[in-house]
Structure formats: C-alpha cells, structure tokens
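So the chains spell out like this:
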Amino acid sequence: MYFRRMSLSRIPPGGNAVPVTRLLKSGSSHFQELFSRHSGFPEENTFYTGSGTAALYLALLALKKIHPDRSEVVLPAWCCPSVPQAVLQAGLAPIQADLDPDSLSYVPESLEKAVTHSTLTVLLVHYFGIPQPKPKLSNPPPLFLRDCAQDFDFTNAKESDVAVFYSFGRGKSLNAGHGGALCLPEGSPLRTVCTEILESFPKATSSPLVNAALINLLSRPQLFGIVSSLPFFGIGETVWKHPMTFTRIHPEFFRIGSACFEALEKHRKAYAELAQNYIRTFSESVDISLPFTRYDERRLPVRFPVMVKNPALREKLRRELNRKFGGVTGQYPEILSRLPKVPDAFPKSGSYPGCEAITKQILTMPVTAWLLGREEEFLGETGKVLTKRI
C-alpha cells in the first residue's frame, strides 16, 4: 500500500470529513452568525478572506501601515512554510525563535532575544489546538497574532493587544478547502485599515465547491494515497511556494462552511473520546511524551501530537500504522531555514535545538471521521507496536 512508503514530509488527510452529498445540498448561508457565536468575536470585527494565510497577510499589511517604523515578525523556527511566505510578501522580515518540544511553546530566552524595537508582531501558533500563553516580554510588540489555523475552538479571550486568525482550508477542522478569518479585538485601530486593504484584494473567481468536494472525497487514506502518489499533483507536500495569491472569500463559501460546521458538531463528542483514548494509549509508554492532555468537547485537536524519543519506535509506529490504516505523519519535516529554496529568506538565523528536536520526535495521529469506525482497531494496533521491544 502507498501509505507504507509515505514520507514524514507529506501531510495526509486530516480535519473533519464532510459527505459530498451534504456539500452539494442547498444549506444555510448564515456562517457568519454561526462562527461569531462559536468564536466569541463580533461579526463586525471579523474579516473573511480566501485562506488563513490571506487573513495573516491582511493583518500584517494593516499593522505595517499603522507602524511603518517596525519591519520584523517573530515566528517559530518550526511552522507551516506559508507563514513566513506571507511575512515576506508583506515586505517584512521573518525572525525565528525556538520552541520547547515538551509544550510546543516559545523558549522564553529565545523569544526575548528575537523581539526588538523593530518587532511589528509576534505569532503565537496554536499547534494541534494547543492554546499558547501570551508571553511576558520586556519590550512587547504593538500587537500579538494568534495563529489558530489548527485551533478552530479558540474563543475570544478579550485581549486588547491580540488579534486572531483562523483557517478553513484542507485538513482543518472545517475542511472546506477555502476560506479564513481575521478577528480583531474590540476597539482596534486596525478595523478601518483592514476594511480598506481587504477591498484591494482580488475576488476569488473559482467556486470553492469543487475543491471542497475533492478534499472530502480524499479524506479516505486509500484514495488520498493513490492520488498523492502521482507526482504532478503535489498533494499533501510541505513545500515553499512563493509568491502566493491572496484573495477575498468566495460568496459560495458561506453555505459550504455552514455544512462543514454542522458536520463537525455532529462528530464533536466522538472526536473528544478519540483524543482521550489516544491520551490513555500513549501515556503508558515511557518513550513518549504528550505536549497537551486537556482535550475535550470544547477543544478538539485537528491532529493528535505525540513526541517519540526513541527513533526506532517512531519509525515503526509510522510504518505499521500507515501500512494498515494511513494518516500518520511528522507534520513539517524541517525547521524553516532548512526547507529547499529558502536559504536567503531569513535575515537573522541561528541555532534552534528545540525545533530540531521536534522535527526528529513528533508524530501526529489522525482525528477524522474515517477513523471513527475503526478506532478500536487502530488503537489496538498502536498498543501492540508500543509493547513490542524495539
């Protein structure tokens, strides 16, 4: 099977799978109301874009206009390549900081060193739905940005110096294949600027329905394996693509988004139980640590992360589980500055031992609808691998 050969650099199906028949049906278009109620951000403070990266780009352009004397954006040395891509396209400099492998939060000393009087913002990445504390800095930026692309369940904490952006793309909790949102704090001066800048974004011309139907069809590992094995598709690869195109959200998204939202709520309890079963299964191994163990129905992981300190065990888990089921990956294969085609993207580079350790230890388990019917079998096989001598 293809998944036995799957590399750690390819991100397999994730997010909540929505039946294509449900996507094709005429549904509610009141997504803005649903999302506002879910997130806690007022509709008037929420700006919808064609992707989560476009929402980040919008925030950066607005911040740059208000603070033209600041030109640097601090971000983790291990994160999605589209994040520094947006920073560069906004005419800003990405500055890396190290992460703690045990919590996936910034190493305080590394972050403090990265933040200067030129810092425009610091990105707080909520990996796999793990909430990140706002750091206490001696020289804080004008605004922090919470990257909640993987944390659909983050709700408005009413932080006056924090904005939040979400993604509704492939592999996310909504899994709509299109769309993102930037949510601003109450009374933010960015609101007027964001309104003006968003008007300059090109309109999304292609209907998102085809893409939404395709990615939900490919949520089955077998289908994903067949299609992604064809090199000209490039599906699921972690690569550097520059420049990117940022658009406004397509009007058809709101109906599709509502269908995805309703499908997620239908499986919410089952996903919470799956996360708890993962916690029980992996907690029994001395070779594994868990960055987060407080998942419940109010906070679901988009994928379940484990840190495997034994390289042979990590490889065996990946190989055996993908051979029989699929869906296990190491997420991002390298720290940002080591990705192909990125040698000159970072003006200030250094040593990031925590992020290096993450690339060598992390595995993420699927949290998606196709697994719910095989959950007991998947967990049983996981237990067998963990108890065998390596």
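To keep things clear, this report deals only with the structure shown in the data block. This structure is a prediction, so every number in the text was calculated from the model and none was measured. (Residues numbered from 1 in each chain as written. Predicted model: local features only at pLDDT ≥ 70, side-chain atom pairs only at ≥ 80, totals over all residues. Heavy atoms only, no water.)

Some words on the overall build of the protein chain
Broken down by element type, the protein chain carries 13 helices and 12 strands. Within the protein chain, the proportion of its 390 residues that are buried is 60%. Long-range contacts, defined here as pairs at least 24 residues apart, represent 73% of the contacts in the protein chain between residues at least 6 apart. Accessible surface, the protein chain: about 16,200 Å² in total, of which carbon and sulfur atoms supply 53%. (Helix = DSSP H or I, 4+ residues; strand = E, 2+ residues; numbered from the N terminus. Buried < 20%, exposed > 50% of the residue type's maximum accessible area, 1.4 Å probe, protein only. Contact = heavy atoms within 4.5 Å. Areas by Shrake-Rupley, 256 points an atom, 1.4 Å probe, with all protein chains shown as cover.)

Notes on the nonpolar core
Counting residues in each nonpolar core, the largest one holds 122 residues, and the members touching the most others are Phe-168, Leu-182, Tyr-278, Phe-282, Phe-304, Leu-317 and Met-365. Ranked by the residues each element gives to this core, the list is headed by helix H9 (residues 253-283), at 15 residues. When near neighbours in sequence (up to four residues on either side) are disregarded, Met-365 contacts Tyr-278, Phe-282, Arg-303, Phe-304, Val-306, Leu-321, Gly-327, Val-328 and Phe-378. (Core = buried A, V, L, I, M, F, W, Y, C linked by side-chain atoms within 4.5 Å.)

What about the pattern of salt bridges?
Within this structure, the stated rule accounts for 16 salt bridges. One salt bridge connects Glu-356 with Arg-338, and the closest N-O pair in it is separated by 3.0 Å. Pair noted here: Glu-356 is in helix H11 (residues 353-361) and Arg-338 is in the loop between helix H10 (311-324) and H11, with a separation of 18 residues, a long-range link. According to the relative accessible area criterion, Glu-356 is buried, its value standing at 15%. Overlapping salt bridges, with partners in common, bring together Glu-315, Arg-318, Arg-319, Glu-320 and Arg-323 in one network. (Salt bridge = Lys/Arg side-chain N within 4 Å of Asp/Glu carboxyl O.)

Some words on the sheet that holds strand E2 (residues 72-76)
The seven strands lie next to each other as E1-E9-E8-E7-E6-E2-E3, forming an open sheet whose pairing is mixed. Unpaired on one side and paired on the other, strand E1 (46-49) and strand E3 (93-97) mark the two borders of the sheet. Between one strand axis and the next, the sheet turns by 25° as a mean value, whatever way the strands run. As defined by bridge partners, E2 adjoins E3 across five bridges and the pair is classed as parallel. (Pairing = 2+ DSSP bridges. Axes fitted to C-alpha atoms, helices over the stretch in contact; angles between N-to-C directions.)

Let's talk about the sheet that holds strand E12 (residues 362-366)
With antiparallel pairing, three strands are arranged side by side in an open sheet as E10-E11-E12. Across the chains shown, the open sheet's two edge strands, defined by having one partner strand only, are strand E10 (288-289) and E12. In the sheet, E10 pairs with strand E11 (residues 303-308) via two bridges, with the strands oriented antiparallel. Bridge pairing links Ile-288 to Val-308 in E11.

A closer look at the packing of aromatic side chains
By the definition in use, this model includes 25 aromatic pairs. On the numbers, 6.4 Å between centres and 80° between planes, the contact of Phe-152 with Phe-168 is edge-to-face. A residue pair is termed long-range when its members are at least 10 positions apart, and Phe-152 in the loop between strand E7 (143-148) and strand E8 (162-167) and Phe-168 in the loop between E8 and strand E9 (180-183) qualify at 16 residues. The residues Phe-152 and Phe-168 share a single accessibility class, namely buried. (Phe/Tyr/Trp six-rings, centres within 6.5 Å; stacked < 30°, edge-to-face > 60°.)

Some words on the pairing of E12
A large share of E12 lies buried, amounting to five of its five residues. As paired elements, E11 and E12 share five bridges and run antiparallel to each other. Residue pairing across strands places Arg-303 opposite Pro-366, the latter belonging to E12.

A word on the packing of H9 against helix H13 (residues 375-387)
Where H9 contacts H13, the two axes come as close as 10 Å, and the packing angle between them is 15°. Taken together, the axes of H9 and H13 lie roughly parallel to each other. In the packing of H9 onto H13, the handedness of the crossing is right-handed. Counting all contacts with H9, which are made through Glu-273, Leu-274, Asn-277, Tyr-278, Thr-281 and Phe-282, the residues of H13 involved are Glu-375, Phe-378, Leu-379, Thr-382, Gly-383 and Leu-386. Looking at the contact of H9 with H13 residue by residue, the classes come out as six nonpolar, four polar and two charged. (Parallel < 35°, antiparallel > 145°, perpendicular 65-115°, else oblique. Left-handed = near helix turned anticlockwise from the far one by under 90°. Nonpolar A, V, L, I, M, F, W, Y, C, P; charged D, E, K, R; others polar.)

What to know about the packing of H10 against H13
Viewed as axis vectors pointing N to C, H10 and H13 meet at an angle of 150°, and their least axial separation amounts to 10 Å. Between H10 and H13, the angle is such that the two are roughly antiparallel. As for how H10 packs across H13, the hand of that crossing is right-handed. Along the contact surface, H10 presents Leu-313, Lys-316, Leu-317, Glu-320, Leu-321 and Lys-324, while H13 presents Phe-378, Glu-381, Thr-382, Val-385 and Leu-386. For the contact of H10 with H13, the class distribution of residues is six nonpolar, one polar and four charged.

Concerning the side chain of Thr-364
Considering the arrangement of structural elements, one finds Thr-364 in strand E12. Among the residues examined, Thr-364 registers a relative accessible area of 0% and is labelled buried. A distance of 2.8 Å separates the side chain of Thr-364 from the side chain of Arg-303, its partner in a polar contact. Apart from residues no more than four positions distant in its own chain, Thr-364 is found in contact with Phe-128, Arg-303, Phe-304, Pro-305, Gly-327, Val-328, Thr-329 and Gln-331. (Polar contact = N/O pair within 3.5 Å; in protein donor to acceptor, adjacent residues only side chain to side chain.)

Examining unusual backbone geometry
Unusually for a residue other than glycine, Asn-175 sits at a positive phi of about 55°. Structurally, Asn-175 is set in the loop between E8 and E9.

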